[in-house]
Amino acid sequence: MHIVVCLKQVPDTANVRINPETNTLMREGAESITNPFDEYALEQALRLKDAHGARVTTLTMGPSQAEVVLREAIARGADQGFLISDQAFAGSDTWATSYVISRAIKKLRPAADIVLFGKQAIDGETAQVGPGVSEFLNYKLVTYARSITVGTDGRFTAETLMDEGIEVIECSLPVVATVLREALPPRYATLAGWMRARRVKIPAWDASRLGVVPDLCGLKGSPTRVVKIFAPPMKAGGIRMDGREMPSLAVEAILRILRDKGVAK
Amino acid sequence: MNTPSPPPPSSPLNVDILCVGAGVASLATVLALLRSHKKNGGGNPPPRVVVLEKSRSIGNHVLSGAVIDPAAFEGLLDDAEILRLPVEAHVTREAFRFLAGARVSLPIPWVPPMMRAQGFPIGSLSKITRHLALLCEAEGAEIYCGFAVAELLEDETGRIIGARTGARGMNRSGQPKSNYAPSEEIRARAIVLGEGTCGYLTERLIAAHGMQACRPQTYALGVKELVEIPENEARCGEILHTFGHPAGIGDYGGGFVYHTSATEVMVGYVYGLDYARPETDIHALFRRFKAHPAIAPHMAGGKVVAYGAKTIPEGGLFSVPSLVTDGALIVGDSGGLLDSLRIKGIHMAMQSGRLAGETLAAAWRVDNFGVTGLAAYERALRDSPIWRQLRRVRNVRASFSRNIALGVAAAGCAWLTHGVLPWWKVSMEPDHVALRPARRGVATTPSHPEVSPLSPDHLTDVFLSGTIHDEDQPCHLLILDREKCTECITRYGAPCRHFCPAEVYRLEDGQIHTDFSNCVHCKTCQIKDPYANIRWTPPNGGDGPRYTRI
């Protein structure tokens, strides 16, 4: 079984601030990290590898410094990594990104059986690239998976978290799935793993190597236009009940408000 | 299927030199070692050098003022490399003020000669550390972040032969979770301890190997904020040091204001941990310092964007332990190498690292990492300018602990007589002994200035330090004896609530609660707890503050 995990390097949004004048990201002081959702996707892949002896390949699309997310994945137990990087890809929206990544996945041999993504990236929050890639690859799509298993017969089973409850989806391979943070927590990279990952060669694939049509990637290939970015106005900070002295009074007060709003009986 | 995968068999990893901590002392050691080998190694293969750092990425646990004495870089970096350091500004204007009370301040007409810093680089030591790490990696060193070293390994003769990383992925009660990662063992020919102040392994090594100094180490706590201000090109490069308010007349405390760029000011407050009053809250003193009319204008219209706190080993010469043992040596803050008159440690850390690195290169050539091979480090240190400075100011800090007049007198004498006077050893007790019982019936809650973007409260500052700990892990702050807490609450009024600059300790229902996820790894609690009842231990590797630009 060949599992591909797509990773994205994102700014650590815990530290990112928006410049109030220009409405642009202030990256000063913000570190780059692996998109946290993608770490859960990788963990799913490594669990399948532990159980079935799969090959785990990681991909990332980004500038050369994004390579570190591949090395970190290898330190955790992935087998190899490919960096998809070209000036021509700069400014790609989710459509163009899906196209480029799907081209890279098509190049992999043996063909990917399972392609995993995090549910979404914490910078763009679109949750579109995983589904986009499934379209370009013509693979089945399972979103919001919190656990994935593959039976001995090669049937793919995923528990997905829906608003109403848990949906269990069963299908045949190949499949693209996006993974939630409700899945098992990612394992730590070991020191021995990092020492190995440091020496692994990471091939870089550019536009010509992937054979992508230049008009379909980068800013030119992106139907989306970012017209404006702005920080939404701060919400007024709700009502606070101080329950430290008399918790029961606070509970009563909260219940009263909920009743007034018709939420509680 | 979703059961934890079996831990991989842990075979020891073999390296030549292992450095614990990727601060400037360690990195200077690595750089000097690899460059010295390149120059004098006669074409022999270089040692495999590995640095382990407990923070998530390099520089995250590095905090300093920092006005850097350029002596730091001597023999380590060439002129072109010094120019490429990520230093935002150089000191253009320096001032020294005495804050006499909450409103009045007196300029000291001349900056004392030993304090002068004209032209010195100022900037974020965290950034400089990241830069040094790149230089080390270019020389072939391997640096791995997110690994706390929990234990040193010794053979039966007491020789240090390796180290063990801390296990990760345990829950609050110490049971393995699904992502449990067992500790890993690393074997090394020699280990460099550059853990920073009050090092976890260093302290234990010193105790176990009888390497103690003749006087216990004494510390100060430094708290610091980075403030973004409206552009003010004229002030860039201006620095100000103060003493006096809000410290009392008998206290050892002072503040600093560094304009590191046109839009950034670093503001900090340093306070000796030998204070007596258990209700002392250094974060609160810092806020009162910032509110002083001599300080506030420096930050006008600004906003605090980053916070950090660290302890500073101030004991000086008489508190420097033996720095060499069989298979290991100690560099930088871990060895108490700090000029306690100027409260400058970066140059001493880096220069001690340089000498350690050169010693290790020579030891690698002759394959001798025993005491005889490494002793050259201590000898070289004793012949170096940093040791001369340590000798010169050896009694200054202890004199200040008596009172400020004696301190100033000692500083002056030390300077004028090049350290001949005072010739004796001024004694000083350990910081935690200095605490006096709380006065009965006096509920002392220090008054705080109003919370504002320039005066954040404790918890806002904790947020700005970026500190993060997985909360489902064993508490890394060990309270050794809960009964002593009860006694401490009655006798001292639970001073841990006040001295912690990250509000880790809470008193609730007569019990001390530890919100360890707030911890910024400064170790004040271990130093100042009157019963020495708190042990700081390393949490999961990768946890802790995230200093990046401070």
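Quick caveat: nothing in here was measured; it's all calculated off a predicted structure.

S.K.: Account for the overall build of chain B, naming residues and giving values.
M.R.: If you tally the helices and strands in chain B, you get 14 helices and 25 strands. Computed over the C-alpha atoms, the radius of gyration of chain B is 23 Å, within 12% of the 24 Å expected from 2.2 N^0.38 for a compact globule of 550 residues. Taken along the three principal axes of its C-alpha coordinates, chain B extends 65 × 55 × 50 Å. Within chain B, the fraction of its 550 residues that count as buried is 56%. Of all intrachain contacts in chain B linking residues separated by at least 6 positions in sequence, the fraction that spans at least 24 positions is 77%.

S.K.: How would you summarise the confidence of the model for chain B if you had to cite specific residues and measurements?
M.R.: All names here are of chain B. The pLDDT averaged across chain B works out to 91; a share of 96% of its residues lies at or above 70. Within the model, the stretch residues 1-9 combines pLDDT values under 50 with 10 contacts to residues more than four positions away or in other chains. Across the assembled chains, the prediction reports ipTM 0.89 with pTM 0.91.

S.K.: Could you give me a rundown of the domain arrangement of chain A, with the residues and numbers involved?
M.R.: One can read the domain layout of chain A as domain 1 (2-216) and domain 2 (235-265). Just the C-alpha atoms count here: the centres of domain 1 of chain A and domain 2 of chain A sit 42 Å apart.

S.K.: So what's going on with the domain arrangement of chain B? Residues and values would help.
M.R.: Residue and element names in this part refer to chain B. According to the domain assignment, chain B consists of domain 1 (13-80 + 126-213 + 320-392), domain 2 (89-122 + 217-315 + 435-536) and domain 3 (396-425). Each side of the interface is counted separately: domain 2 has 10 residues, and domain 3 has six residues. Grouping the amino acids of the side of domain 2 that touches domain 3 by side-chain chemistry returns four nonpolar, four polar and two charged.

S.K.: Lay out the interface of chain A and chain B with the relevant residues and their values.
M.R.: Interface extent is often summarised as the accessible area lost during association of the parts. With 20 residues of chain A at the contact, the number on the chain B side is 18 residues. Going through the elements one at a time, helix H1 (36-52), strand E9 (140-150) and helix H5 (191-199) of chain A are the ones with two or more residues in the side of chain A that touches chain B. Looking at which element gives the most residues to the side of chain A that touches chain B, the answer is H5(A), with five residues. Its residues assigned to classes, the side of chain A that touches chain B shows nine nonpolar, five polar and six charged.

S.K.: Let's hear about the sheet that holds strand E7 (residues 80-84) of chain A: which residues, and what values?
M.R.: Residue and element names in this part refer to chain A. Pairing is mixed across the open sheet formed by nine strands, whose spatial order is E11-E10-E9-E12-E8-E1-E6-E7-E13. Single-partner strands in this sheet number two, and they are strand E11 (166-171) and strand E13 (204-205). The pairing of strand E1 (residues 2-7) with strand E8 (residues 114-118) spans three bridges and is parallel. Looking across to E8, one finds that Val-4 is bridged to Val-115. On the sheet, helix H2 (residues 67-76) packs against E1, strand E6 (55-61) and E7 and is oriented at approximately 170° with respect to E7.

S.K.: A description of the environment of Glu203(B) should follow, citing residues and the corresponding values.
M.R.: Relative to the elements of secondary structure, Glu203(B) occurs in helix H4 (residues 200-208). Once the C-alpha coordinates of Glu203(B) and Pro321(B) are considered, the two residues, 118 residues apart in sequence, prove to be 9.8 Å apart.

S.K.: Could you give an account of the sheet that holds strand E6 (residues 104-107) of chain B, with specific residues and numbers?
M.R.: Each strand in a sheet pairs with its neighbour through backbone hydrogen bonds, running either in the same direction (parallel) or in the opposite one (antiparallel). Residue and element names in this part refer to chain B. In space, the seven strands of this open sheet follow the order E6-E5-E16-E17-E18-E15-E19, with mixed pairing throughout. In the strand order of this sheet, the two ends are held by E6 and strand E19 (303-313), each with one partner. Ignoring strand direction, the axes of neighbouring strands in this sheet form an average angle of 20°. Taken together, the five bridges between strand E16 (residues 238-244) and strand E17 (residues 253-261) define a ladder with antiparallel strand orientation.

Rules and cut-offs
Residues numbered from 1 in each chain as written. Chains lettered and ligands numbered in written order. Predicted model: local features only at pLDDT ≥ 70, side-chain atom pairs only at ≥ 80, totals over all residues. Helix = DSSP H or I, 4+ residues; strand = E, 2+ residues; numbered from the N terminus. Rg over C-alpha atoms; globule rule 2.2 N^0.38 Å. Buried ≥ 20, exposed ≤ 12 C-beta atoms within 10 Å, placed from the backbone. Contact = placed C-beta atoms within 7 Å. pLDDT = per-residue confidence, 0-100. Domains from an automatic or database assignment. Nonpolar A, V, L, I, M, F, W, Y, C, P; charged D, E, K, R; others polar. Pairing = 2+ DSSP bridges. Axes fitted to C-alpha atoms, helices over the stretch in contact; angles between N-to-C directions.

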